[in-house]
Protein chains: 4
Amino acid sequence: MEKEIKIAYIGGGSKQWARIFMSDLAVTEGLSGEIDLYDIDIEAANRNAKIGNSLKNYTNVKSKFDYKVVSNLEDALKDASFVIISILPGTFKEMRSDVHTPEKYGIFQSVGDTVGPGGILRAMRTVPMYEVFAKAIKKICPNAWVLNFTNPMSICTKALYDVFPEIKAFGCCHEVFHTQEFLTRVLEETKGIKVKRNEIYTDACGINHFTWITEAKFQDIDLLSLIKDFEKKYYDTGFYEREGAAIDAFKTDCFAYGNKVKMDLFNKYGALAAAGDRHLAEFVSNRWYLKDKQTVKDWLFNLTTVDYREKQQTILVEETKLMAEGKKKFELKESTEEAVDLMKAILGFKNIVSNVNMPNMGQMPQMPIGSIVETNCVFSHDQVKPVVSKPLPTGALNLVLRNTLNIDLTYEGIKERDLNKLYLAFANQPLCDSLTMDESKELFKEMCYNTREYLDDYFDLDKYFNN
Amino acid sequence: MEKEIKIAYIGGGSKQWARIFMSDLAVTEGLSGEIDLYDIDIEAANRNAKIGNSLKNYTNVKSKFDYKVVSNLEDALKDASFVIISILPGTFKEMRSDVHTPEKYGIFQSVGDTVGPGGILRAMRTVPMYEVFAKAIKKICPNAWVLNFTNPMSICTKALYDVFPEIKAFGCCHEVFHTQEFLTRVLEETKGIKVKRNEIYTDACGINHFTWITEAKFQDIDLLSLIKDFEKKYYDTGFYEREGAAIDAFKTDCFAYGNKVKMDLFNKYGALAAAGDRHLAEFVSNRWYLKDKQTVKDWLFNLTTVDYREKQQTILVEETKLMAEGKKKFELKESTEEAVDLMKAILGFKNIVSNVNMPNMGQMPQMPIGSIVETNCVFSHDQVKPVVSKPLPTGALNLVLRNTLNIDLTYEGIKERDLNKLYLAFANQPLCDSLTMDESKELFKEMCYNTREYLDDYFDLDKYFNN
Amino acid sequence: MEKEIKIAYIGGGSKQWARIFMSDLAVTEGLSGEIDLYDIDIEAANRNAKIGNSLKNYTNVKSKFDYKVVSNLEDALKDASFVIISILPGTFKEMRSDVHTPEKYGIFQSVGDTVGPGGILRAMRTVPMYEVFAKAIKKICPNAWVLNFTNPMSICTKALYDVFPEIKAFGCCHEVFHTQEFLTRVLEETKGIKVKRNEIYTDACGINHFTWITEAKFQDIDLLSLIKDFEKKYYDTGFYEREGAAIDAFKTDCFAYGNKVKMDLFNKYGALAAAGDRHLAEFVSNRWYLKDKQTVKDWLFNLTTVDYREKQQTILVEETKLMAEGKKKFELKESTEEAVDLMKAILGFKNIVSNVNMPNMGQMPQMPIGSIVETNCVFSHDQVKPVVSKPLPTGALNLVLRNTLNIDLTYEGIKERDLNKLYLAFANQPLCDSLTMDESKELFKEMCYNTREYLDDYFDLDKYFNN
Amino acid sequence: MEKEIKIAYIGGGSKQWARIFMSDLAVTEGLSGEIDLYDIDIEAANRNAKIGNSLKNYTNVKSKFDYKVVSNLEDALKDASFVIISILPGTFKEMRSDVHTPEKYGIFQSVGDTVGPGGILRAMRTVPMYEVFAKAIKKICPNAWVLNFTNPMSICTKALYDVFPEIKAFGCCHEVFHTQEFLTRVLEETKGIKVKRNEIYTDACGINHFTWITEAKFQDIDLLSLIKDFEKKYYDTGFYEREGAAIDAFKTDCFAYGNKVKMDLFNKYGALAAAGDRHLAEFVSNRWYLKDKQTVKDWLFNLTTVDYREKQQTILVEETKLMAEGKKKFELKESTEEAVDLMKAILGFKNIVSNVNMPNMGQMPQMPIGSIVETNCVFSHDQVKPVVSKPLPTGALNLVLRNTLNIDLTYEGIKERDLNKLYLAFANQPLCDSLTMDESKELFKEMCYNTREYLDDYFDLDKYFNN
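As a starting point, this report considers the structure included with it. Per chain, residue numbering runs from 1 following the sequence as it is written. For this description, chains carry letters from A and ligands carry numbers from 1, given in the order in which they are written. Reporting in this predicted model follows two pLDDT cut-offs: at least 70 for local features of residues, and 80 or more for side-chain atom pairs to be given and counted; totals over whole chains, interfaces and linings ignore these cut-offs and use all residues. Heavy atoms throughout the structure, all of them, feed into the side-chain values; hydrogens and water do not.

### Let's talk about the overall build of chain A
Part 1 of the reasoning: If you tally the helices and strands in chain A, you get 17 helices and 13 strands.
Part 2 of the reasoning: Only C-alpha atoms enter the radius of gyration; for comparison, a globular chain is expected to reach 2.2 Å times N to the power 0.38, where N is the number of residues. Rg of the C-alpha trace for chain A: 22 Å, near the compact-globule value of 23 Å for 467 residues, within the 12% margin.
Part 3 of the reasoning: The principal-axis extents of the C-alpha atoms in chain A amount to approximately 60 × 55 × 45 Å.
Part 4 of the reasoning: Burial classification: accessible surface area is computed with a 1.4 Å probe over protein chains only, and a residue below 20% of its type maximum counts as buried, one above 50% as exposed, and the rest as partly exposed. When the 467 residues of chain A are sorted by exposure, 66% land in the buried category. By the criteria applied, helices consist of DSSP H or I runs no shorter than four residues and strands consist of E runs no shorter than two, each listed in order from the N terminus.

Below is the structure:
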């Protein structure tokens, strides 16, 4: 079977994820076609197109694609069978405000892109663009499958479905995969059995970056029951699960973590929170794991600074330039991401069960219908169908629901351009638990003004804050 | 019409509420019968019986009842058409722990009997007794109407329905009435129109002590729209609404409050939280209105100390003794409470719409089915039917739901005698927002041990806390 | 209190109901204002206006209104505080087809205006007009209260809410009132107690013309439990409940009935179907009560012929002419209808609990959310709030749900102008239970073509039926 | 991987299905263990055990099992990892009444074991036994997976879950498989492409024997869209889909059918009813496809007589005897059934998506929670998780819901031993659409008395029918 497809890649100037995707596409079998890169950073898109087109000459390439840079959204979407969306609205200046401004008020964010003050502001910048995307997809390629990779994941996916209810969209995230890897390491450490993550079964449900594994098996072995033993060895010292990385990588790599937060939540809530600890810590009271820098250190994870991200970005851009000019070799290899696999399942190559983000239509009966949830789904030919998940323990459910209700209120606020609703969602963030109302209002105001270039088209800041 | 009824009064040794009830029963028309007082404090019950029986000789008495003290629950319930439950498990020692122990951790509670650390502990002592009551009612008087007055209201009502789903029970509370009075004062102050609270229409929904008025009318006048003007006069200085009390009574009376919390919540959430400010403050982050003593003062309400309550109690007991001995005149007059009115509606005297607490069976479509909610209900002959309420604004709903989910988890923990679930509910209390997990665990432990006399029959404290 | 209001009366040329309404308005206290009559039959509207304006001179008139005939919908709706809709799309020719064409296929309809073949066709003619009404109300008087009296009640009310979800509308019907009267007669016949229908309490739920009383009390007396005794006297001979009418009026009056169907359904289903037997019989298999003319006779009710209706109409028109010309006295007296009472409750004069038709928002948890249901509602100032009803016994629920699902499918078919969906709803009517599919298709086709003048604007009959 | 398992086979004296199961078990790889056969017909169980044990000597056997006959349920269930239930309560005498007694009233049943008069009576005999099974499983092997094969499927599965809510049970049926085969034949006939049924994707939902395929794909080909072309060739003449059978097998084989009912329903309802036409015809009005014998003939299917079944049984028993004695060779080969595949998926051998019957927990959001529905489920290690299905078109949904509500009422009637509720469910069967109430009552009575030997323990027939 060989399928020819057209992919629209919104945010096609991506510095990192594009490479993985181009590589995965090249080494898979049975595909060919065209990929239109659309980005406001045309140069970056051009570099990626050059790299992409050069892949056809690689010996180990199996699927060959033509990469084109297009200058408007409509052209990218035309005849698309898939739409990839992976954007980052704003510059490092705005990101710096998202992440670091709250520190003045004692609020530390380990990521700052999903929930918490940073998540709200990022949503305010991003969702209005998603409204544009959804309308364009409805008009131009209503039957295309849309894969969202942008954060905040839940609210972006919600915007797509709210604007165009018949859209075929889902949100992809690798955080659960890493937790599955963690479980394989638990198995290895406690039983000496080494398996790959796709050899184990997990039932996961919740919301993006705060998904929970309620059941995990390798053959007859209940993996969750092994965690207690694993903790005897690693609770205090931590254990970073990533293959190829040191288990204490968190000591030097600010993206790494020791899974101590995860183990602590497991001990208390009886289910395994399935995302990196940096993410998990942001969904609960900021007194718990993010009280101050020492607390973060004690819990064996790190605050990722925007300085660090900026440096990293510079390196990536330089690397990309060299690759685009053919001065550096682009390494073709299959990643651990699943996007290409999911696309192939949708194209009818095989069936897959994997966790993605979709509106709740029954798959999480404990959650409001229509809220975006992350659960297992069955991927098959032109089909993505959610699987009804095992109920969350009530304690964990309560933590998840507080965030879900906040996300839905945030969406309501953005949709209605209502800054007061956004403030209420802001003040009710678990990461703002330590703030007085005056503090949260002041902080919200400061962050809005810091990023006003991206907000003024949608919100009347002066009217609201000077009232 | 004259109806003869038998009332079982569980907690019939009540020092305060019993008087109001006896008085309201005496001055209403058309009733007669027997009231069985059951209490572990038999002396107190005896005093009330003496007072009650003496009323038959008053000239203005319209309904005459025989009061009897019974020594066991079964006798009280036998042939009852109504069961009144108004108990307070534990002594001032336990109450002191409920209210004041958290202060060591910077947690101030203005009441401490509904939610927050004190509410959880009080629920742990009370619910096991309610299990006994519900079983006995099921067996002995399944058709009786049960009026609950005990706090924590929601969880006590939940216990009754969970143990005996066919029970005819509801929970009564006067907090919404006072907020209706507040609205009449708003009307008077802004428009010069003086009306009684039962002349205005309100739509209220939420949970006990955190109910919200979403709509309020006097004739064509939208009362909520007047609050803005009212605030111009009274936001800063406060306004205590109770008839006969000074509007700045909160300066000297620790049960009074200036309604500033209520006005602030209204400004933010667009609906009027319908309970005394002392209660409202306990349902939101403790950084908002209960950060410290100065914050409480700034918001124009007070922390009610157990010392004060104890003193007050002594006075009441003395007074009761004098009344029982005939040395002090018992004043017969109709109160502003509605219990007798509701009973008369159930007996078929008239129809009433009033707000009470019942399991959600559709009256609050935004809330989980089965959770206890407080909404308007229609009272008519042998019928109490909830009225579908207007939806809460999302922001307010989120605050309510966080507490509802906590209450349901607390109930689950008590029902299953599972201290870990109780701890999770405890740690997730908005009043614990400022605590680290270690602190909340330590506090929970201390409070459990302080009140262990009432817990040891149900919970294995040592096993859980020494784990 | 005196209120000045403007009423838009759509269908203001009404021959019968207008008189009752004008009379009820005139004898009530505290109202005045203007009533705009809008009707395609302008002459009829003029006659009613003349009569209406003449009432101001009556000595016993308490509320005086100016009646005006307006020639377009917009003028009628302008500044309206209430909109009355009571229309009958089509002439006797179409009604004759609705009611009598099915007889060729052995289908007898006792009314033919709600469900069954006649109900579907009538809905197809009426709903497109309701789409126009709802849009105009949304634009011109979005805050007006809309009282619908047109049949088919459920689907007309559904159309209003579907087109304008924020509409303040409800559907009024007197059928439950008559069943309440029936219960007062049951009480009189079995206990010798004579009361008025508004002295008894009933809990009713279901759908219009197929509502069920699940509980009925007069003081302590359970009225449903008396029916068994009542049946001993009247099951065989029948009992027509209407005051002033003979209990065997059904022998001569084709609108009367003996309540035998009602008693039979009660014996089987354990709840009291609350509409005239002529209506009830149309909601169940046509083999049950409408098998043939003899069966109808045996069940002590009648088929109302269109000939009879036409004759009756001629008499009414003549009468109206004489009244308009002042040659016949118009008798002012309060009717048993509740429209004016409900309007006064909405205007804030008093609170009322009565049964009307509204979208299910929780008041019938057994039914789909959004389907139109008839339950008790609380009427108060600018408020109509549904009361959560007692569950229907499963057997009765199943009968109701079959019809509800059909109604929702009929609405879907009309909204989407999809004749195939309408046919599926038609074929699934209980009144079509005796038909083969070919027969039901043939009948549907014939009825559509008979009434095509009113359908051609919306449906492409030729395309569908010649396919 | 090799797994040792213990299977309890309730109804282990099965004449036909046991052979298929034993054969499938023998030819699969990786299993071994013990199978305990429990049956009231011990001789039959003995014969099956002999055959089963003889398989170990076959050369092509891959999984070897020890078969044992046990004389009580408890022994069978002890240590079971799987429980197979496949029973048939009553003898041919009772089945004859189920199927043929209604013919006196003009009701023809093509199967008579699922819905309709026969289905109700069969449920009344079967469910009380299922109550016993569920209690025993709860006590003895609560972690075993229970595969139900007994009809009426929905109500038997409902009984298991109602009595033991934590049971791990599902109901298996091959009817959808045959409709998938039908679709492969449609593909072959219209496109010349020959595939196996497990190569196509289908989304099915509904209730057992009245499931609907709403989507079907082979690669990019929409299979449902091919049916129109297929009908041009085969609508009039019929097409039996079974491999190895003639397409006009229905002319001689009373279990075969021409799929004309299926095609007709598809043309009307827009989804493909996924069971044999003999089953489908029983879920809709008996005027549609079962009006009389000629109608059945015209629709190209057959009434299966009990005489025929009895003859067939005799042949099977004789055959089994010969096999048990070793006089006839038992042919080992893989069947098209999936039971063993599903068991292996549950044992962790692989993941499967297949359709089975489970309580609705969100997988069919249009249906009541808790009703038994048939949808796709994901089978993996110790897990069966329903997949949320595509919504049914409203027309089809209405047909399904009528039956679901009847099934739930039937269950309620059996559970409460309430013959009146059972009668109401009986009278509301689509197959009884042509009956008057007197007729349906008379028929119900006759059928109950015919089968009273199996009912008297549970129902007081005399009291109900002589009332």
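### Points about the packing of aromatic side chains
Part 1 of the reasoning: Stacked, tilted and edge-to-face are the three classes assigned to paired rings of Phe, Tyr and Trp, where Trp is represented by its six-membered ring and a pair needs centres within 6.5 Å; plane angles under 30 degrees give stacked, over 60 edge-to-face, the rest tilted. One pass over the full model with this rule turns up 89 aromatic pairs over all chains.
Part 2 of the reasoning: Counting every residue linked through ring pairs, the aromatic cluster contains Y423, F426, F444, Y449, Y464 and F465 of chain A.
Part 3 of the reasoning: Positioned above the aromatic ring of F349 of chain B, the side-chain terminus of K344 of chain B is 4.8 Å from the ring centre.
Part 4 of the reasoning: Counting as a charge over the ring demands two things of the Lys NZ or Arg CZ atom: a distance within 6 Å of the ring centre and an angle within 35 degrees of the ring normal. Over the ring of Y423 of chain D we find K441 of chain D; its NZ or CZ atom is 5.1 Å from the centre of that ring.

### Regarding the interface of chain C and chain D
Part 1 of the reasoning: What makes two residues a contact is simply this: any of their non-hydrogen atoms within 4.5 Å. Residue-level contacts link 29 residues of chain C with 29 residues of chain D.
Part 2 of the reasoning: A simple way to read buried area is as the amount of 1.4 Å-probe accessible surface that goes missing from two parts once joined, with both sides added. Between chain C and chain D, a total of about 2,600 Å² is buried, with carbon and sulfur atoms accounting for 60% of that surface.
Part 3 of the reasoning: The three residues of chain C that bury the most area against chain D are K268, W288 and M437 of chain C, which together make up 25% of that side's buried surface.
Part 4 of the reasoning: Think of a salt bridge as a Lys or Arg side-chain nitrogen and an Asp or Glu carboxyl oxygen that are within 4 Å of each other. At the boundary of chain C with chain D, the tally comes to zero salt bridges.
Part 5 of the reasoning: Throughout this description, a polar contact denotes any pair of N or O atoms lying within 3.5 Å of each other; where both atoms belong to protein, one of them has to be capable of donating a hydrogen while the other can accept it, and for residues adjacent in sequence the pair is counted only when both atoms sit in side chains. Taken together, chain C and chain D are joined by eight residue pairs in polar contact (both at pLDDT 80 or more).
Part 6 of the reasoning: Those elements that provide at least two residues to the side of chain C that touches chain D are α9 (260-269), α14 (394-415) and α15 (419-427) of chain C.
Part 7 of the reasoning: Of all the elements, α14 of chain C adds the most residues to the side of chain C that touches chain D, at ten residues.

### Describing the side chain of T304 of chain A
Residue and element names in this part refer to chain A.
Part 1 of the reasoning: Looking at the element boundaries, T304 is found in the loop between α11 (293-298) and α12 (306-324).
Part 2 of the reasoning: Only 3.2 Å separates the side chain of T304 from the backbone oxygen of S110, close enough to count as a polar contact.
Part 3 of the reasoning: At 3.1 Å, the side chain of T304 and the side chain of R278 are in polar contact.
Part 4 of the reasoning: Dropping the residues within four chain positions of it, T304 is found in contact with V99, S110, C254, F255, R278 and R309.

### Here we look at the relation of the copies chain A and chain B
Both copies of the chain are placed relative to one another by a rotation about an axis and a shift along it.
Part 1 of the reasoning: Alignment of copies: least-squares fit on C-alpha atoms of residues with pLDDT of at least 70 in both copies. When chain A is fitted onto chain B, the two copies agree to an RMSD of 0.0 Å after a turn of 180° and an axial shift of 0.0 Å. Expressed as an axis order, the relation between the two copies is that of a two-fold axis.
Part 2 of the reasoning: In this assembly the copies share their binding face: 100% of the residues contributing to the interface of chain A also contribute to that of chain B.

### What about the pairing of strand β12 (residues 372-380) of chain A?
Residues and elements named next belong to chain A.
Part 1 of the reasoning: β12 sits mainly inside the fold: nine of its nine residues count as buried.
Part 2 of the reasoning: Two strands qualify as a pair provided that DSSP identifies no fewer than 2 bridges between them. Alignment of strand β7 (residues 201-207) against β12, held across two bridges, turns out to be antiparallel. In the strand pairing of β12, C205 is matched with T375.
Part 3 of the reasoning: Here eight bridges tie strand β11 (residues 352-359) to β12, and the two strands are oriented antiparallel to one another. Its bridge partner lying in β12, I352 is registered against F379.
Part 4 of the reasoning: Bridging between β12 and strand β13 (residues 383-386) involves four bridges; their strand directions are antiparallel. Paired with V378 across the bridge in β13 is K385.
Part 5 of the reasoning: Linking two consecutive strands that pair antiparallel, namely β12 and β13, is a turn of two residues; a positive phi of about 55° is found at D382 within it.

### Details of the interface of chain A and chain B
Part 1 of the reasoning: Residue-level contacts link 29 residues of chain A with 29 residues of chain B.
Part 2 of the reasoning: Carbon and sulfur atoms supply 60% of the area buried between chain A and chain B, which totals about 2,600 Å² over both sides.
Part 3 of the reasoning: Applying the counting criterion to the chain A and chain B interface returns zero salt bridges.
Part 4 of the reasoning: Remark: the boundary between chain A and chain B carries eight residue pairs in polar contact (both at pLDDT 80 or more).
Part 5 of the reasoning: Listed by contribution, the elements that provide at least two residues to the side of chain A that touches chain B are α9 (260-269), α14 (394-415) and α15 (419-427) of chain A.

### Some points on the arrangement of the chains
Part 1 of the reasoning: Left apart from each other, chain A and chain C have a closest C-alpha approach of 13 Å.
Part 2 of the reasoning: Contact between chain B and chain D is absent, and the least distance between their C-alpha atoms amounts to 13 Å.

### Some points on the packing of helix α7 (residues 175-191) of chain A against helix α8 (residues 227-234) of chain A
All names here are of chain A.
Part 1 of the reasoning: Angles shown run from 0 to 180 degrees and are taken between the N-to-C directions of axes, each axis being a line fitted to C-alpha atoms and, for helices, limited to the stretch in contact. In contact at an axis separation of 9 Å, α7 and α8 are set at 80° when each is read in the N-to-C sense. If you check the angle between α7 and α8, you find them roughly perpendicular. Taking contact as the criterion, the partners of F182, L183, R185, V186, E189 and T190 in α7 are, on α8, I227, D229, F230, K233 and Y234.
Part 2 of the reasoning: Gly is placed with the polar residues, together with every amino acid not listed as nonpolar (Ala, Val, Leu, Ile, Met, Phe, Trp, Tyr, Cys and Pro) or charged (Asp, Glu, Lys and Arg). Counted by class, the contact of α7 with α8 contains six nonpolar, one polar and four charged residues. Angle categories are assigned with fixed cut-offs, so that under 35 degrees is roughly parallel, over 145 is roughly antiparallel, 65 to 115 is roughly perpendicular, and the rest are oblique.

### Topic: the state of the cysteines
Part 1 of the reasoning: Pairs of cysteine sulfur atoms within 2.5 Å are identified as disulfides in what follows. In total, this model carries zero disulfides over all chains according to the counting rule given.
Part 2 of the reasoning: The closest cysteine sulfur to the non-disulfide-bonded C432 of chain B is located on C448 of chain B, 12 Å from its own sulfur.
Part 3 of the reasoning: Residue classification places C432 of chain B among the buried positions, given a relative accessible area of 1%.
Part 4 of the reasoning: Between C173 of chain D, a free cysteine, and C172 of chain D, which holds the nearest cysteine sulfur, the sulfur-to-sulfur gap is 8.8 Å.

### Let's talk about the environment of R125 of chain B
All names here are of chain B.
Part 1 of the reasoning: Mapped onto the elements, R125 comes out in helix α5 (residues 116-140).
Part 2 of the reasoning: Judged by relative accessible area, R125 falls into the buried class, the value being 2%.
Part 3 of the reasoning: Considering only alpha carbons, one finds R125 and P89, 36 residues apart in sequence, at a separation of 6.3 Å.
Part 4 of the reasoning: Ignoring anything within four residues of it in the chain, the contact list for R125 reads P89, G90, E94, D98, T451, Y454 and L455.

### Some words on the pattern of salt bridges
Note that side chains of opposite charge can pair when their charged atoms are close.
Residue and element names in this part refer to chain C.
Part 1 of the reasoning: One pass over the structure, following the stated rule, counts 160 salt bridges over all chains.
Part 2 of the reasoning: Across the pair K232 and D229 runs a salt bridge whose closest N-O atoms are separated by 3.0 Å. Of the two residues, K232 and D229 are both situated in helix α8 (residues 227-234); the distance of three residues between them amounts to about one turn of the helix.
Part 3 of the reasoning: According to the relative accessible area criterion, D229 is partly exposed, its value standing at 42%.

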